[in-house]
Amino acid sequence: MHIIPAIDIIDGKCVRLTKGDYSTKKEYSAGPIDVAKSFEDVGIQFLHLVDLDGAKQRKVVNLNVLEAICKETKLKVDFGGGVQSDDDIEKVFYAGASQITAGSVAVRNPELLESWLEKYGTEKIILGADVKNGLVAISGWEEDSKIQLEDFLNEKTRLGLNYVISTDVKVDGTLSGPSTNLYKWMKSKFPNLNIIASGGVSSIDDLKELENVGVYGAIVGKAIYENKINLSDLKTF
């Protein structure tokens, strides 16, 4: 299982939200580049970078942060938040991202997503399938799409998508433990999908639980920033 730390960005700064609520924003003193370097220093290879301004504004906003991290580290960055046009995705890949996460665009403009898969290939595109009360959540989780998760995954896996990040919004940023049953269900329904679990991780035990489920990767955010998990402890993975 891959450990994938998260850096969420508002106004160029590292922040964490609770349950996706922008009013719960908590800023952290360390800048995103220093944080990314600290991940690399302990041997971490992957980074989930989220442009929360972009998610809200439906366009990439914090491109300079992505550029700086890709320039100053060798982390394989997957970038999400606001990638909703050909111009956006070209800029993000040019800036150095290894993959992009397509969430809202997969709901709003499925034809565009299909064209990206044809142009860039299935290894470069991760489906963002975040869940709020059983429905796919979009626009930085401020909107419910009215689409059931299973229907969404059935439709998108038929396009050949291999990777999905799924966050259960109700546990994200709460440090209350991951939605293990959600990922067990996803594994049973979509056994060939590389599932990346996100939300609620609070301890190494939570990560071991997710590893036992058989997910491809686990995103860790607030638990690192709040010192619930020491970076050195992640070396066991």
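This structure is a prediction, so every number in the text was calculated from the model and none was measured.

Caption draft 1: Highlighting the overall build of the protein. Helix and strand counts for the protein stand at 10 helices and 13 strands. Compactness check: the protein gives a C-alpha radius of gyration of 16 Å against a globular reference of 18 Å for 237 residues, within 12% of the reference. With respect to the three principal axes, the spread of C-alpha positions in the protein is 40 × 35 × 30 Å. Among the 237 residues that make up the protein, the fraction classed as buried is 55%.

Caption draft 2: Geometry of the pairing of strand β6 (residues 99-102). Across the two faces of β6 the burial is the same, with Gln99 and Thr101 and Ile100 and Ala102 all buried. Two strands pair when backbone bridges link them, and strand β5 (residues 76-80) and β6 are joined in this way by three bridges, in the parallel orientation. Considered in β6, the bridge of phenylalanine 79 is made with isoleucine 100. What joins β5 to β6 is helix α4 (residues 86-95), and the crossover it makes is right-handed. As paired elements, β6 and strand β7 (residues 125-128) share three bridges and run parallel to each other.

Caption draft 3: Summary view of the pattern of salt bridges. Applying the stated criterion across every chain, the model contains 10 salt bridges. The closest approach of N and O atoms between glutamate 90 and lysine 119, which form a salt bridge, is 3.5 Å. Residue glutamate 90 is found in helix α4, and its partner lysine 119 is found in helix α6 (residues 110-120); the two are separated by 29 residues along the sequence. According to the relative accessible area criterion, glutamate 90 is partly exposed, its value standing at 40%. Judged by its relative accessible area of 55%, lysine 119 falls in the exposed class.

Caption draft 4: Fine view of the state of the cysteines. Under the criterion given, the structure shown has zero disulfides. Cysteine 14 provides the cysteine sulfur closest to cysteine 70, a residue in no disulfide bond, and the two sulfurs are 14 Å apart. The exposure class of cysteine 70 is buried, given its relative accessible area of 18%.

Caption draft 5: Representation of unusual backbone geometry in the model. Positive phi, close to 55 degrees, is recorded for leucine 175, a residue that is not glycine. Assignment of secondary structure puts leucine 175 in the loop between β11 (163-167) and α8 (180-189). In this model, asparagine 227 sits at a positive phi of 60 degrees, which is unusual for a non-glycine residue. Mapped onto the elements, asparagine 227 comes out in the segment after α10 (222-225). For asparagine 227, a relative accessible area of 62% corresponds to the exposed category.

Reading the values: rules and limits
Residues numbered from 1 in each chain as written. Predicted model: local features only at pLDDT ≥ 70, side-chain atom pairs only at ≥ 80, totals over all residues. Heavy atoms only, no water. Helix = DSSP H or I, 4+ residues; strand = E, 2+ residues; numbered from the N terminus. Rg over C-alpha atoms; globule rule 2.2 N^0.38 Å. Buried < 20%, exposed > 50% of the residue type's maximum accessible area, 1.4 Å probe, protein only. Pairing = 2+ DSSP bridges. Right-handed = clockwise from strand over helix to strand, strands pointing away. Salt bridge = Lys/Arg side-chain N within 4 Å of Asp/Glu carboxyl O. Disulfide = S-S within 2.5 Å.

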